[in-house]
Amino acid sequence: MHAVKKVVILYRSPQAVSNTGVIQFIKNNLEEIFGDRLLVENCFLADLNDQNKLEADAFLAIDERVFQRAKEYVDNFHSVIKINRTIEQHVLKRLNGAASWFRSFVILLLQQLV
């Protein structure tokens, strides 16, 4: 039996996401890849207050602003991973021939969860 890891995907607010299908797409992809080994939850920072502390094995911040604000709600900031819908130029150079950006993302996530 595999240990279940919890991942929380952090967003600013439901209104800040221009395409609500993206929220479900990211969640569905992670669940498809990791199956029953991963519990995926969505969280909107706009719904939290100063008293909230989030707990998970890893947090995926959807952009730079969410990444910075995560410090307010997460005790272990090392567990926060910034993701983007597109790859930044400096990251492309580091990937240097990777099969796909998503594969690289999954590898980074696995390293965070292990």
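As the structure is a computational prediction, the values presented were derived from the model and not from experiment.

The rules behind each value
- Think of each chain on its own: its residues are numbered from 1, step by step along the sequence as written.
- Selection of residues for local features in this predicted model requires a pLDDT of at least 70, selection of side-chain atom pairs for listing and counting requires 80 or more, and totals for whole chains, interfaces and linings are taken over all residues.
- Just so you know, side-chain values use all the structure's heavy atoms and leave hydrogens and water out.
- Numbering of helices and strands runs from the N terminus; a helix is a DSSP stretch of H or I covering at least four residues, while a strand is a stretch of E covering at least two.
- Burial classification: accessible surface area is computed with a 1.4 Å probe over protein chains only, and a residue below 20% of its type maximum counts as buried, one above 50% as exposed, and the rest as partly exposed.
- For the accessible areas, the method is Shrake-Rupley and the probe is 1.4 Å, while residue cover comes only from the protein chains on display.
- Salt bridges are counted wherever a side-chain nitrogen of Lys or Arg sits within 4 Å of a carboxyl oxygen of Asp or Glu.
- Note on ring pairs: Phe, Tyr and Trp rings are taken, using the six-membered ring of Trp, and paired if centres are within 6.5 Å. Classes follow the plane angle, with under 30 degrees stacked, over 60 edge-to-face and the rest tilted.
- Two limits define a charge over a ring: the Lys NZ or Arg CZ must be within 6 Å of the ring centre, and within 35 degrees of the ring normal.
- Put simply, a nonpolar core is a bunch of buried Ala, Val, Leu, Ile, Met, Phe, Trp, Tyr and Cys residues held in one set by side-chain atoms that sit within 4.5 Å of each other.
- Residues are treated as being in contact if the distance between any of their heavy atoms lies within 4.5 Å.
- Two strands qualify as a pair provided DSSP detects at least 2 bridges between them.
- Here the axes come from fitting lines to C-alpha atoms, over the contacting stretch only for helices, and the angles between their N-to-C directions go from 0 to 180 degrees.
- Expected helix span is given by 1.5 Å per residue-to-residue step, counting one fewer step than there are residues.
- As used here, the arc is the angular range of directions from the helix axis to the C-beta atoms.

Draft legend 1. Inspection of the overall build of the protein chain at higher detail. When its secondary structure is counted, the protein chain shows 4 helices and 4 strands. What you see in the protein chain, going N to C, is helices and strands ordered as β-α-β-β-α-β-α-α. For the protein chain, the proportion of its 114 residues judged to be buried stands at 35%. Carbon together with sulfur atoms contributes 51% to the accessible area of the protein chain, which is approximately 7,400 Å² in total.

Draft legend 2. How the structure looks around the pattern of salt bridges. Under the defined criterion, the tally for this structure stands at 6 salt bridges. The salt bridge partner of Glu31 is Lys27, with a shortest N-O separation of 2.7 Å. Of this pair, Glu31 and Lys27 both sit in helix α1 (residues 20-34), 4 residues apart, roughly one helical turn.

Draft legend 3. Summary view of the packing of aromatic side chains. Summed over the entire model, instances satisfying the criterion amount to 2 aromatic pairs. Ring plane angle 35° and centroid distance 5.6 Å describe the contact between Tyr11 and Phe44, whose orientation is recorded as tilted. Taken together, the residues Tyr11 in strand β1 (residues 5-11) and Phe44 in strand β2 (residues 38-44) connect sequence positions 33 residues apart. Taking relative accessible area as the criterion, Tyr11 reaches 1% and is therefore assigned buried. What makes Phe44 buried here is its relative accessible area of 16%. The residue whose ring lies beneath Lys71 is Phe77, and the NZ or CZ to ring-centre distance is 5.2 Å.

Draft legend 4. Structural context of the nonpolar core. Core analysis: the largest hydrophobic core is formed by 30 residues, its most contacted members being Leu10 and Leu30. For this core, the secondary-structure elements that each account for two or more residues are β1, α1, β2, β3 (58-61), α2 (64-69) and β4 (80-82). Residues within four places of Leu10 in sequence aside, it is in contact with Cys43, Leu45, Leu54, Phe59, Leu60, Ala61, Ile62, Val66 and Ala70.

Draft legend 5. How the structure looks around the sheet that holds β2. Pairing within the open sheet is parallel, and its 4 strands lie in the order β2-β1-β3-β4. On the outer flanks of this sheet lie β2 and β4, each paired with one strand and no other. Geometrically, the sheet is characterised by an average inter-axis angle of 25° between neighbouring strands, direction not taken into account.

Draft legend 6. Representation of α1 in the model. Given a rise of 1.5 Å per residue, 15 residues ought to cover 21 Å, and the 22 Å separating the end C-alpha atoms of α1 matches this to within 8%. If you check which residues of α1 are buried, you get Val22, Ile23, Ile26, Lys27, Leu30 and Phe34. Burial along α1 is one-sided: seen end-on, the buried residues are contained in an arc of 130°. Relative to its buried face, α1 has exposed residues pointing more than 90 degrees away, namely Thr20, Phe25 and Glu32. Just downstream of α1, Gly35 is the residue with a positive phi angle, here 60°.

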